[in-house]
Amino acid sequence: MNGATVSETARAEQASAPERATAASPASRRASIGSGWSRLSIATKLPLILAILLSVVFGGMTAAVYQQVKASVLAVASERLARAGQQMADLLATSMRQRTTLVNGLIERSNAAAYLQTPSPELQDQVVRALARQVGAASQSAAVELWTADRRVLHASGFQFPPMAENHSLAIAVAASQSKTAVVLPYRRVANDLMYSVATAVRRDERVIGYLVERRKLTSAAPTVALLTGLIGSDAKLLLGNAAGDVWTDLSVSVPAPPLSALATTGLAQYRRGDGPAVLARFVPVADTPWLVAVEFPRDTVMGPAQRFLIVALGLSALLTAGGVLTGWRLSRRITIPLRQVTEAAEAIAADRSAARIEVRRADEVGRLAQSFNSMAAQVEDSRRRLEGLVEELEGRVTHRTAALEAANRELEAFSYSVSHDLRAPLRAVDGFARILVEDHGRELTPEARKCLDVITDRTRHMGNLIDDLLRFSRLGRQPLTRGSIDMTALATTVAEDLRRADPERAVDITVDPLPPAQGERSLIKQVLVNLMQNALKFTRSRPQAHIVVGCRHDAGDPVYFVRDNGVGFDMTYADKLFGVFQRLHRAEDFEGTGVGLAIVQRIINRHGGRVWAEAAIDQGATFFFTLPEKAEQS
Amino acid sequence: MTRPAEVEILLVEDSPEDVALTLRALSRHNLANRVHVARDGAEALTYLRDMAQPKVMLLDLKLPKVGGLDVLTQVRADPRLRMLPVVVLTSSREEPDIARAYELGVNSYIVKPVDFEQFVTAVSEAGLYWLLINQGPHS
């Protein structure tokens, strides 16, 4: 019992040792928890989160505002370009209307209709003069021609043009068939000059009898350009060209045409002409002509403010983000440094039981955390001190009890030794001298005296047996068990053979059934079998044929060994007295014995953690059962 | 008292009754007149050191002054006596006594039976064996 307590304490210490080792390295345990993001320190995480957040916010805001600025800049540019273009287009349209009126009027002035009908020399002279006057009146007018209905040049004044291309003629025909007023035709490139024609049909009775065509040169119109510059600034460029996109000019020389897709755009168009810079432009048609006026603005000039805004906004965002991250970093450090202090202090407490404390210099949440940690640490230390005191006290008590137990054990041993030696010696003397009396003086003794001496001898022997049994019984409680596997069949068979040999005369039939092996101390279990089988032999003595069975049955899977006899049995009313020391259910003169045998059996079985009981009836025999659990909860 | 030259058994026993019973048992084989009795351990050691050696010593364990096991220890430690056949004759059936006696080099261990007949048989047979049958170291 004492030994068990000591080994229990040792085991507890062994168990706590690895726990302490684990607690000493919490860092290694922490490393196994989580991964990636969750493993990052808060001091890194907070600035990182701030950086991402601020980047997103400022980036988004910048992008949104930039889009707005860009849109409004473009809208303003578009508006201004459109207005300038419209002005130019209106100007040109007005100019062309005057021109068509003049060409129409030439029909009357030259009397061309009459001449075409009756080509007299007078009429011819009139036509030629009128045409020449027309050419001389306008500097831009290069030539005026009178055609017949079948588009043959009847008369031409001014510059002699080569025969015009076929589509030109076709255009005249179409124009003539649709309108009574003169028609302005698309620009053409002739040698180094850009030309356009204003043509009208000469009719008589709704029938076209001829054509009047004025050829005009496009000359640089300085006042127009100046007007435009005044309208939208010097960066602007005014272009004029055919809606068909073949011939375009900046009013002085021929220029590459804008892409056709841009020409079709009614709103703001963006494109590059040839190798030139990217431009923004609006196209405005010139009324009653096949022309378009284009006003271009370099894209960079228009977008300049927006780009500048973008750069400033991005710079500002970067600056603000950097500021935010820096603040976040400092903030997280302010938070994490005390946190780390708390952690380190906690680890110190866990590792080496030191009374770690954190210096508190703040009143916020972190400060409160540190304060609560300190009070917790104080409490931990306090309870640890109390526990240590308790453990010390307990250990002291255990030591004290152990010493007391050991003393008691020693006393008990000394007592048994004395009993063993000192009770036997006088007993031997009593028996010995009684025998000597009989041997040496037998003849002088009366039969009554001899009988008395016989009783003395008999009772002395009985007392010797009692002392031996008692000593064996008391030894059972003290000596430690040595457990092993026991072949119960072999053991029971050996015991049965020994007992039969001791009394070969008796008619005894001992059957040993196959028994399952048991766990226990062999010598003690043998003692159990000896005692039970001796009992069985004793109480079957009156039977002509004694039947003794050593067997086993199973209760809920556990083996229950038994020894059954066909002896005199006993009254179950007294079954509870069966296993008590010196308890006897039979009279001494019927059956000899000390009354210790079954007490020894019970003590052995109990020490093995098992149970022993009996079932019997008077004259019906008795059965003694016992169990031997494999893992004994040793007492 | 028997003369030392004739002594073949040294009986170390404090109980006069046990001395009487032992002598009676030994007389069965006429061995009683060659016995010297020592009443305690000290006396036994003195006798052994001063007188001639017996053929065997019958030694009780529970003795006044010097106990039986101490006597045995001293005998085995004495170069002159260490070969002496020693038979423990005691009431103690205690396992530690038996084990200790054999550890100290006892030649035989006999538990005195309470029953007189058994006692007489045990002691007389032992005397016969050690004096007549056993070949001691001094022959």
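Residues numbered from 1 in each chain as written. Chains lettered and ligands numbered in written order. Predicted model: local features only at pLDDT ≥ 70, side-chain atom pairs only at ≥ 80, totals over all residues.

Digging into the packing of helix 1 (residues 16-27) of chain B against helix 5 (residues 116-133) of chain B
Residue and element names in this part refer to chain B.
- For the pair helix 1 and helix 5, interaxial distance at closest approach is 8 Å and the crossing angle is 60°. One finds that helix 1 runs oblique with respect to helix 5. Helix-helix and strand crossings are classified by hand; for helix 1 and helix 5 the assignment is right-handed. In contact with Leu21, Thr22, Ala25 and Leu26 of helix 1, helix 5 contributes Phe119, Val120, Val123, Ser124 and Gly127.
- Among the residues making up the contact of helix 1 with helix 5, the classes are represented as 6 nonpolar, 3 polar and no charged. (Axes fitted to C-alpha atoms, helices over the stretch in contact; angles between N-to-C directions. Helix = DSSP H or I, 4+ residues; strand = E, 2+ residues; numbered from the N terminus. Parallel < 35°, antiparallel > 145°, perpendicular 65-115°, else oblique. Left-handed = near helix turned anticlockwise from the far one by under 90°. Contact = placed C-beta atoms within 7 Å. Nonpolar A, V, L, I, M, F, W, Y, C, P; charged D, E, K, R; others polar.)

Examining the sheet that holds strand 10 (residues 269-272) of chain A
All names here are of chain A.
- Sheet architecture is open: 6 strands sit in the order 9-8-7-12-11-10, paired in antiparallel fashion. Edge strands, defined here as strands with exactly one partner in the open sheet, are strand 9 (254-255) and strand 10.
- The sheet contact formed by strand 7 (residues 237-242) and strand 8 (residues 248-249) spans 2 bridges and is antiparallel. Bridged to leucine 240 within strand 8 is threonine 249. (Pairing = 2+ DSSP bridges.)

Description of the nonpolar core
Residue and element names in this part refer to chain A.
- In this structure, Ala112, Leu212, Ala281, Leu292 and Val293 are the most contacted members of the largest nonpolar core, which totals 59 residues.
- Counting residues per element, this core draws most heavily on helix 3 (residues 42-110), at 10 residues.
- The residues contacting alanine 281, other than those within four sequence positions of it, are Leu81, Pro258, Ala262, Ala269, Ala294, Val295 and Glu296.
- Counting residues in hydrophobic clusters, the runner-up holds 44 residues, among them Ile510, Phe579, Ala599 and Ala616. (Core = buried A, V, L, I, M, F, W, Y, C linked by C-beta atoms within 7 Å. Buried ≥ 20, exposed ≤ 12 C-beta atoms within 10 Å, placed from the backbone.)

Overview of the packing of helix 11 (residues 447-478) of chain A against helix 14 (residues 597-607) of chain A
Residue and element names in this part refer to chain A.
- Across the interface, helix 11 lies against helix 14 with an axial gap of 10 Å and an inter-helix angle of 10°. As judged from the angle between their axes, helix 11 and helix 14 are roughly parallel. Note on element contacts: helix 14 touches helix 11 through Ala599, Ile600, Arg603, Ile604 and Arg607, opposite Arg472, Phe473, Leu476 and Gly477.
- Split into classes, the residues belonging to the contact of helix 11 with helix 14 amount to 5 nonpolar, 1 polar and 3 charged.

A word on the confidence of the model for chain A
Residues and elements named next belong to chain A.
- Per-chain confidence: chain A averages 81 in pLDDT, with 87% of residues scoring 70 or above.
- For chain A, per-element mean pLDDT is lowest for helix 1 (residues 2-24), which scores 44, and highest for strand 19 (residues 622-627), which scores 94.
- When the criterion is pLDDT under 50, residues 1-32 qualifies, and its contacts beyond four places in sequence or with other chains add up to 9 contacts. (pLDDT = per-residue confidence, 0-100.)

Some thoughts on the confidence of the model for chain B
Residues and elements named next belong to chain B.
- The predicted model of chain B has a mean per-residue pLDDT of 88, with 94% of residues at 70 or higher.
- Confidence drops under a pLDDT of 50 for residues 1-5, and excluding neighbours within four residues, the segment shows 7 contacts in the predicted structure.
- For this predicted complex, the interface confidence reaches an ipTM of 0.80, while the overall pTM sits at 0.44.

So, unusual backbone geometry
All names here are of chain A.
- Unusually for a residue other than glycine, alanine 556 sits at a positive phi of about 55°.
- Looking at alanine 556, the number of C-beta atoms within 10 Å reads 5, which means it is exposed.
- Located in the positive-phi region is aspartate 619, a residue other than glycine, with phi close to 65°.
- Position of aspartate 619 relative to the elements: it lies in the loop between strand 18 (612-616) and strand 19.
- Residue classification places aspartate 619 among the exposed residues on the basis of 11 C-beta atoms within 10 Å.

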